[in-house]
Amino acid sequence: MAATVFYLDEIPEPGAVAVLDGPEGRHAATVRRIRVGEPITLSDGRGLLAASEVIATQRDRLDLRILEHAVAQPVSPSVTIVQALPKSDRSELAVELMTEAGADAIVPWQAARCVAKWEGKAAKGVEKWRAAARSAARQSRRAYIPEVADLHRIGDVVDLVRRVTEGGGVAAALHESARAPFAELPFSEAGRVVLVVGPEGGLDDVELDALTDAGALTVLLGPTVLRTSTAAAVALGALGALTTRW
């Protein structure tokens, strides 16, 4: 992967000139102080990569000559993280960590025991998570920016789990009282994985019953109790070693 990646929704064909402005251009031109002649890689966040060279700079803007295209193949299995809302001071940290660890999709979840409440401000919370995912993807030089879904309730999460398990995927609810070790689940045989991470107070019995009825397996991630903001990143690291994702 290239040393520097910036995102552009629509990338022109090789030989054409692309303009990087807005927040990405500001970060490149003003924060990173990238200059004429420097190579950078552009990505549309959906797998397309383009090698380019800076041919002009302005305040908060770069003009780039597109040199060539490449497509990064998605890893398998794809992993969706259903993340119960952490406390506000750790909320975006959770998104950053799971993005850097390779999450393919992120679902914010208003679980019953969440301290954080997004009532009346869900749209703002989702936008913050999307911005955090984009920034972390740039930092970790990813060709794919994780999709951050709208806020989910337990019914939405149950529907997601059911669709995945009925389609041959694996859904796992991380739970400290579970007996099945994380490593024993058939992740390598699945095309899609959903990991459900509960809040600091844990999943309540109603949620746990609903998830398992929909096909989720309760698993123990490891010998220690993790914060909700770090559990997904640890699980993704384990999946990288247990499957061909890495």
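The rules behind the values
- Residues numbered from 1 in each chain as written.
- Predicted model: local features only at pLDDT ≥ 70, side-chain atom pairs only at ≥ 80, totals over all residues.
- Heavy atoms only, no water.
- Helix = DSSP H or I, 4+ residues; strand = E, 2+ residues; numbered from the N terminus.
- Polar contact = N/O pair within 3.5 Å; in protein donor to acceptor, adjacent residues only side chain to side chain.
- Contact = heavy atoms within 4.5 Å.
- Axes fitted to C-alpha atoms, helices over the stretch in contact; angles between N-to-C directions.
- Parallel < 35°, antiparallel > 145°, perpendicular 65-115°, else oblique.
- Left-handed = near helix turned anticlockwise from the far one by under 90°.
- Nonpolar A, V, L, I, M, F, W, Y, C, P; charged D, E, K, R; others polar.
- Core = buried A, V, L, I, M, F, W, Y, C linked by side-chain atoms within 4.5 Å.
- Buried < 20%, exposed > 50% of the residue type's maximum accessible area, 1.4 Å probe, protein only.
- Pairing = 2+ DSSP bridges.
- UniProt positions renumbered as here; feature names shortened; annotations may be inferred.

## Section: the side chain of Ser43
Looking at where Ser43 falls in the secondary structure, it is placed in strand β3 (residues 39-43). At a separation of 3.1 Å, a polar atom in the side chain of Ser43 contacts the main-chain carbonyl oxygen of Ala143. Excluding its chain neighbours within four sequence positions, the residues that come into contact with Ser43 are Val5, Phe6, Tyr7, Leu8, Ile11, Leu48, Leu49, Arg142 and Ala143.

## Side note on the packing of helix α4 (residues 154-166) against helix α5 (residues 205-213)
Two elements in contact, α4 and α5, have axes separated by 9 Å at closest approach and are oriented at 25 degrees. Taken together, α4 and α5 sit at an angle that is classed as roughly parallel. The interaxial crossing formed by α4 with α5 has right-handed handedness. Between α4, through Ile154, Val157, Val158 and Val161, and α5, the contact on the second element is made entirely by Glu207, Ala210 and Leu211. Here the residues of the contact of α4 with α5 sort into six nonpolar, no polar and one charged.

## Some remarks on the nonpolar core
Counting 55 residues, the largest nonpolar core has Ile81, Leu195 and Leu211 as the members making the most contacts within it. For this core, the element with the most residues is helix α6 (residues 228-242), which contributes six residues. Setting aside anything within four residues of it in sequence, one finds Ile81 in contact with Met98, Ala103, Ala105, Ile106, Val107, Leu195, Val197, Ala232 and Leu236. If you look at the next biggest cluster of nonpolar residues, it comprises 16 residues, including Leu8, Ile11, Leu48 and Leu64.

## Observations regarding the sheet that holds strand β1 (residues 5-7)
The mixed open sheet is built from five strands, whose spatial order is β1-β3-β4-β5-β2. Every other strand in the sheet has two partners, leaving β1 and β2 (17-20) as the edge strands with one partner each. Along the sheet, successive strands turn relative to each other by an average axial angle of 45 degrees, direction set aside.

## Focus on unusual backbone geometry
A cis geometry characterises the amide bond from Ser76 onward to Pro77, with omega recorded as 0 degrees. Mapped onto the secondary structure, Pro77 falls in the loop between β5 (61-71) and β6 (78-84).

## Section: the packing of helix α2 (residues 88-100) against helix α3 (residues 122-139)
Between α2 and α3, the shortest axis-to-axis distance is 8 Å and the interhelical angle comes to 40 degrees. When the axis of α2 is compared with that of α3, the two are oblique. Every pair of crossing elements has a handedness; the one defined by α2 and α3 is right-handed. Two secondary-structure elements touch here, α2 through Ser91, Glu92, Val95, Glu96, Thr99 and Glu100 and α3 through Lys128, Trp129, Ala132, Ala133, Ala136, Ala137 and Gln139.

## Side note on the sheet that holds β6
In space, the six strands of this open sheet follow the order β8-β7-β6-β10-β9-β11, with parallel pairing throughout. Lying at the two open borders of the sheet, with one neighbouring strand each, are β8 (147-148) and β11 (217-219). The sheet contact formed by strand β9 (residues 170-174) and β11 spans three bridges and is parallel. Looking at β11, one finds that Leu174 is bridged to Val219. Helix-sheet contacts for α6 involve β6, β9 and β10 (192-197), and the interaxial angle to β6 is about 165 degrees.

## Re the UniProt feature "domain: Ribosomal RNA small subunit methyltransferase E PUA-like" (unreviewed entry) in the chain
Feature annotation in UniProt assigns "domain: Ribosomal RNA small subunit methyltransferase E PUA-like" (unreviewed entry) to the following positions: residues 20-67. For residues 20-67, helix accounts for 21% and strand for 50%, while the C-alpha atoms at its two ends are 15 Å apart.

## Description of the environment of Glu53
Along the chain, Glu53 turns up in strand β4 (residues 48-58). Between the C-alpha atoms of Glu53 and Thr41, which are 12 residues apart in sequence, the distance is 8.5 Å. When neighbours within four sequence positions are excluded, Glu53 is seen to be in contact with Gly37, Glu38, Pro39, Asp63, Leu64, Arg65 and Leu67.

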